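# An overview of the molecular structure
So you can see what is in the structure, the chains are spelled out below.
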Amino acid sequence: MSDVIKIKRGVDIKLVGEAESNFAKPTAIETAAIKPDDFNGVRFKLAVKEGEEVKAGTPLLYNKDHEQVKFCSPVSGEVAQIVRGAKRKILEVRVLADKETQFEDFGAVDPKSLPREEIINKLTASGCWPFFKERPYNVVADPEKEPKAIFISGFDSAPLAPKMQLLLEGQEKEFQTGIYALQQLTAGKIHLGLNENGPASPVFANIDGITITKYDGPHPAGLVGVHINKLDPINSGEKVWTITPEHIVIIGRLFLEGKFDARIKIALTGSEVNERNYHETIIGAAVKPFVSDNTTEGNNRIISGNILTGTKIKEDGYLSFYERQITVIPEGDQPELFGWVIPKTDKFSISRTLPSWFQRQLGEVKYKLDTGLHGERRAFVVSGEYEEVFPFDIFPVQLIKSIMINDIEAMENLGIYEVVEEDFALCEVICTSKIPVQKIVREGLDMMKQEVG
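Owing to the predicted nature of the structure, the values given are computational and were not obtained by experimental measurement.

## Comments concerning the overall build of the protein
Looking only at helices and strands, the protein has 12 helices and 19 strands in total. Taken against the 2.2 N^0.38 rule, which gives 22 Å for 453 residues, the C-alpha radius of gyration of the protein at 22 Å falls within 12% of a compact globule. Judged by the C-alpha coordinates and their principal axes, the protein covers about 65 × 50 × 50 Å. By sequence separation, contacts in the protein at least 24 residues apart represent 70% of the contacts at least 6 residues apart.

Listed below in structure tokens is the structure:
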């Protein structure tokens, strides 16, 4: 019987726009892209040129510091464009997809029969290694290091999150094979977190080689960072790796079929989407086929991911490497009469000064929110708000302030190694001072990696 951990601090933001539990007709993949900005802490070098023909699994980029780590094409076809920004920074490598995908052959093999070094070689060569994120710093894992544990979150508690049972349906064999590969990468435990009060994916039933812990409480109960904090906190010099269930499935396919088969399932969500449902697609797919002629009129924001941690993209943009949903909400650029002065019932708040707080106590209320900040950045005051939604055993305000003044010793003492930017997403939402908390945390992590390593 699995343990249950109660998460008391946090809040669920109920929004209009949840995806229906059905899959739309398959959408043809015309283009796909790998975006270097999706990967923290990696210095990239191109492995292809425009016009070059590639297969699914052909390297497009590689890591200058760990040249064995490849970032591979999710489709076969022609390298259509290498998009660059300021100082010739690589922003995207776009591939025009073939109608029928051709795969590089990496060879099918039982992962239980391979030593750790050969498992790593197969994962790095095929493009599967970037699925592993390393904490501290939330960067692509170092293949030369061994983590003390690997953590997987088997549920998503973010607003409008897709249902894991639909994302993984019918992929039990692939998931188990992926777990067998993960077992060779660490001498420690492989932790799987599940929702105590929600349906778990049948894929997780009877899986060998994992330690299951259940969590009961509001968001951020589904964040893997919360699970690490409660079960095996990170101390100085320690490494923990994280990975999502859908990426474990892709690793399982690699060992079963010898292919980098980057097929995933995503949810199309948000109040401004007309037909909200699930889609089968690939990593890095163009989002235009999903949102074109399928959103309401007006100025909308398209987000690759959820509203708390996702990335703003254009209609001709691409799905980010680690995301499992596309969200469309109003931009929120319209002026508001009297602003916050009028206590409207359609505003989300954890404060008792607005009627929405009482509505949430009486029953489930769903909001149609936009991206408006409802105010400017103000003095950073100690209000006790962060502590209401931050379930870590860390002082969040003090940590943020230590990052803002670049106090490395204070950052270490206050727990910088245990957190990443997504752990502070709720703090940013409810912040009276309108502080860009996630951006500050990311800057702090980058500074610590550079100064401490």
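So, next bit.
## Here we look at the environment of valine 287
You can see valine 287 is positioned in the loop between β16 (278-282) and α6 (288-291). Separated by 178 residues in sequence, valine 287 and valine 109 place their C-alpha atoms 34 Å apart. Dropping the residues within four chain positions of it, valine 287 is found in contact with Ile313, Lys314, Glu315, Gly317, Tyr318, Leu319 and Ile326.

## Looking at the state of the cysteines
What is meant by a disulfide is a covalent connection between two cysteines, made through their sulfur atoms. Counted according to the given criterion, the structure contains 0 disulfides. Here cysteine 72 stays free of any disulfide, with the sulfur of cysteine 128 as its closest cysteine sulfur at 8.1 Å. Distance from the sulfur of cysteine 427, which forms no disulfide, to the nearest cysteine sulfur (cysteine 431) is 8.4 Å. Residue cysteine 427 is classed as buried on the basis of its relative accessible area of 1%.

## Some points on helix α1 (residues 116-126)
Within the span of α1, buried status applies to Ile119, Ile120, Lys122, Leu123, Thr124 and Ser126. Positive phi shows up at glycine 127, right after α1, with a value of about 95 degrees.

## Points about the sheet that holds strand β4 (residues 53-54)
Pairing within the open sheet is antiparallel, and its 4 strands lie in the order β2-β8-β7-β4. In this open sheet, the two edge strands, each paired with only one partner strand, are β2 (31-34) and β4. Bridge analysis of β2 against strand β8 (residues 90-97) gives 4 bridges, and the strand direction is antiparallel. When the bridges of β8 are listed, isoleucine 34 appears paired with valine 93.

## Looking at helix α12 (residues 437-451)
Here α12 contains 15 residues, and its C-alpha end-to-end distance of 21 Å stays within 8% of the 21 Å for a straight helix at 1.5 Å per residue. The complete set of buried residues in α12 reads Val437, Gln438, Ile440, Val441, Arg442, Gly444, Leu445, Met447 and Met448. The elements touched by buried residues of α12 are β10 (139-140), α8 (385-389), α9 (396-404), α10 (408-413) and α11 (425-430). Residue glycine 453 follows α12 closely and has a positive phi angle near 85 degrees.

## Topic: the domain arrangement of the protein
Splitting the protein by domain gives domain 1 (3-257) and domain 2 (373-451). A separation of 26 Å is found between the C-alpha centroids of domain 1 and domain 2. With 22 residues of domain 1 in contact, the opposing surface of domain 2 contributes 19 residues. Where domain 1 abuts domain 2, roughly 2,000 Å² becomes buried across the two surfaces, and 59% of that area is made up of carbon and sulfur atoms. Glutamate 422 is paired through a salt bridge with arginine 135; the nearest N and O atoms lie 3.4 Å apart. Among the elements that take part in the side of domain 1 that touches domain 2, helix α4 (residues 224-231) stands out by supplying 5 residues, more than any other. For the side of domain 1 that touches domain 2, the class distribution of residues is 12 nonpolar, 7 polar and 3 charged.

Reading guide: rules and limits
- Each chain carries its own residue numbering, running from 1 in the direction its sequence is written.
- In view of the model being predicted, local features appear only for residues whose pLDDT reaches at least 70, and side-chain atom pairs are presented and counted only at 80 or more, with totals across whole chains, interfaces and linings using the full set of residues.
- Excluded from the side-chain calculation are hydrogens and water; included are all heavy atoms of the structure.
- To qualify as a helix, a DSSP run of H or I must reach at least 4 residues; to qualify as a strand, a run of E must reach at least 2; elements of each kind are numbered from the N terminus.
- For the radius of gyration, the atoms used are the C-alpha atoms, and the globule rule reads 2.2 Å times the number of residues raised to 0.38.
- Contacts are assigned to residue pairs that have any heavy atoms within 4.5 Å of one another.
- Our working definition of a disulfide is a cysteine sulfur pair at a distance within 2.5 Å.
- The rule is simple: take the accessible area with a 1.4 Å probe, protein chains only, and divide by the maximum for that residue type; under 20% is buried, over 50% is exposed, in between is partly exposed.
- Any two strands between which DSSP finds at least two bridges are classified as paired.
- In a helix, the anticipated span is given by 1.5 Å times the number of residues less one.
- Note that the domain bounds were set by an automatic or database domain assignment.
- By buried area we mean the combined loss of accessible area, with a 1.4 Å probe, across both parts when two parts are placed together.
- When a carboxyl oxygen of Asp or Glu is within 4 Å of a side-chain nitrogen of Lys or Arg, the pair counts as a salt bridge.
- Put simply, Ala, Val, Leu, Ile, Met, Phe, Trp, Tyr, Cys and Pro go in the nonpolar bin, Asp, Glu, Lys and Arg in the charged bin, and everything else, Gly too, in the polar bin.

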